[in-house]
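# Structural overview
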Amino acid sequence: MAFQREKQNARPLYLFLMCDSSGSMQGPKINALNTAIKEAIPEMRRVAGDNPFASLLVRAIEFSDGARWLSEEAIPIDEFEWADLKADNQTDMGIAFSMVADALKIPPMPKSAYPPVLVLV
């Protein structure tokens, strides 16, 4: 019960997954991206569970012809599920970076959060 209480007061740690799903990722590359993220989730959950001082929240963005958030809000790692991406269209990384930059502003990012982690895949 003490662990639960500490976790509720934990500082948020945001992990942003910036995923390229453009045409250049077709075939084995998009398969590798999907597999890597699926395989990383259990380890992220394990590490997050071992750290009562941080609450890991995941937010993923897909970019190809434009960019879109894969969820409206950040999702606790224990609830995060990965749906495979498909590769198509052009690479529009710039809009993805702009959207992530907006999400990093305070607010919506809480002042008490740890520095965020950005992973470009």
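Remember, it's a predicted structure, so these values are computed and weren't measured experimentally. (Residues numbered from 1 in each chain as written. Predicted model: local features only at pLDDT ≥ 70, side-chain atom pairs only at ≥ 80, totals over all residues. Heavy atoms only, no water.)

A complete count under the given rule lists six salt bridges for this structure. A salt bridge links Arg46 to Asp50; its shortest N-O distance comes to 2.9 Å. Remark: Asp50 and Arg46 occur in helix H2 (residues 28–50); sequence separation between them is four residues, near one turn of the helix. Under the relative-accessibility criterion, Arg46 is labelled partly exposed at 43%. (Salt bridge = Lys/Arg side-chain N within 4 Å of Asp/Glu carboxyl O. Helix = DSSP H or I, 4+ residues; strand = E, 2+ residues; numbered from the N terminus. Buried < 20%, exposed > 50% of the residue type's maximum accessible area, 1.4 Å probe, protein only.)

Bringing the layout of surface pockets into the picture now. One number sums up the size of the second largest pocket: a volume of about 160 Å³. Around the second largest pocket sit 11 residues that line it, and Leu13, Met44, Val47, Ala48 and Leu56 are the ones nearest its centre. Sorting the residues of the lining of the second largest pocket by element identifies strand E1 (11–20), H2 and strand E2 (54–64) as the ones contributing at least two each. Across the lining of the second largest pocket, the residue classes break down as eight nonpolar, two polar and one charged. (1 Å grid on protein atoms, 1.4 Å probe; cavity = no way out; pocket = protein on both sides within 12 Å on 5 of 7 lines; lining within 4 Å. Points joined across faces, edges and corners; volume = space filled by probe spheres on them. Nonpolar A, V, L, I, M, F, W, Y, C, P; charged D, E, K, R; others polar.)

Here we take up the nonpolar core. Grouped together as the largest cluster of nonpolar side chains are 18 residues, with contacts concentrated most on Leu17, Cys19, Leu33, Ile37, Ile77, Phe80 and Trp82. Sorting the residues of this core by element identifies E1, H2 and E2 as the ones contributing at least two each. Excluding residues within four positions of it along the chain, Phe80 makes contact with Leu17, Ile41, Arg45, Val58 and Ile75. Among the nonpolar cores identified, the runner-up in size contains 13 residues, and Met18, Phe63, Ala96 and Val100 belong to it. (Core = buried A, V, L, I, M, F, W, Y, C linked by side-chain atoms within 4.5 Å. Contact = heavy atoms within 4.5 Å.)

Another aspect to go through is the packing of aromatic side chains. For the structure shown, the criterion picks out three aromatic pairs. Considering the side-chain rings of Tyr14 and Phe16, the 6.4 Å spacing of their centres and the 25 degrees angle between planes classify their relative orientation as stacked. Each member of the pair, Tyr14 as well as Phe16, is classed as buried. The interplanar angle of 45 degrees and the centroid separation of 6.3 Å between the aromatic rings of Phe80 and Trp82 together place this pair among those described as tilted. Classification of Phe80 as buried rests on a relative accessible area of 4%. Members of the aromatic cluster, joined through ring pairs, are Tyr14, Phe16 and Trp69. (Phe/Tyr/Trp six-rings, centres within 6.5 Å; stacked < 30°, edge-to-face > 60°.)

This brings us to H2. The end-to-end C-alpha distance of H2, which contains 23 residues, comes to 33 Å, matching closely the 33 Å that a straight helix rising 1.5 Å per residue would cover. Every buried residue belonging to H2 is among Ile30, Leu33, Asn34, Ile37, Ile41, Met44 and Ala48, and all of these are buried. (Expected span 1.5 Å × (residues − 1).)

On to unusual backbone geometry. In this chain, Ile106 is followed by Pro107 through a cis amide linkage whose omega measures -20 degrees. Within the element layout of this structure, Pro107 appears in the loop between helix H3 (93–103) and strand E5 (117–120). Of note, the bond from Pro107 into Pro108 is cis; its omega dihedral lies within 30 degrees of zero at 20 degrees. If you trace the backbone, Pro108 turns up in the loop between H3 and E5. Of note, the phi angle at Asn89 is positive, near 70 degrees, even though the residue is not glycine. Along the chain, Asn89 turns up in the loop between strand E4 (75–76) and H3. You can call Asn89 partly exposed: its relative accessible area is 43%.

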